[in-house]
Amino acid sequence: QVRLVESGGGLVQAGGSLRLSCAASGRTFSNYAMGWFRQAPGKEREFVAGVGWSGGNTYYADSVKGRFTISRDNAKNTVYLQMNSLKPEDTAVYYCAADRTLHRMVVNTTAKEYDYWGQGTQVTVSS
């Protein structure tokens, strides 16, 4: 059983920063790409950022490109999302997810390609 636990969410003013963490357990973390998604009230879950299994390739949604950075530490079984220059429209519950495919070379932006999800962490950005 794979378990993903997010932390690091909270309330921050516009322009501020937060760092989300996602600790993984239950399978060989380093063999799978990881992604961050978010869901705002009344909206569908959307892809935010992803990192390949080796950490060598990353991909971002246009809305966060240049402001957010995804990284992973395979020795700690943890993936991070550094969020800078936060905007009120970044307010959402943020989820980390593990890709279902071993050693997938391309970061996938589709939620259905991720088979394990964390419980989510709330990020609220005030104006």
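Because the structure is predicted, anything quoted here is derived from the model rather than measured.

Rules of the game
Residues numbered from 1 in each chain as written. Predicted model: local features only at pLDDT ≥ 70, side-chain atom pairs only at ≥ 80, totals over all residues. Heavy atoms only, no water. Salt bridge = Lys/Arg side-chain N within 4 Å of Asp/Glu carboxyl O. Buried < 20%, exposed > 50% of the residue type's maximum accessible area, 1.4 Å probe, protein only. Disulfide = S-S within 2.5 Å. Helix = DSSP H or I, 4+ residues; strand = E, 2+ residues; numbered from the N terminus.

**Quick word on the pattern of salt bridges**
Reasoning step 1: Throughout the structure, instances matching the rule amount to seven salt bridges.
Reasoning step 2: Residues Asp 62 and Lys 65 are paired through a salt bridge, measuring 3.0 Å at the closest nitrogen-oxygen approach.
Reasoning step 3: On the basis of relative accessible area, Asp 62 is assigned to the exposed category, the value being 66%.
Reasoning step 4: A salt bridge links Asp 99 to Arg 104, with the nearest nitrogen and oxygen atoms 2.7 Å apart. Take Asp 99 and Arg 104: they sit in the same class, and that class is buried.
Reasoning step 5: Here the salt bridges share partners, and the residues they tie into one network are Arg 38, Glu 46, Arg 67 and Asp 90.

**So, the state of the cysteines**
Reasoning step 1: By the definition in use, this model includes one disulfide.
Reasoning step 2: Disulfide pairing is shown between Cys 22 and Cys 96; the S-S distance is 1.9 Å. Its S-S torsion of approximately 45° makes the covalent link between Cys 22 and Cys 96 right-handed. Residue Cys 22 is located in strand S3 (residues 18–25), and its partner Cys 96 is located in strand S9 (residues 92–102); the two are separated by 74 residues in the primary sequence.

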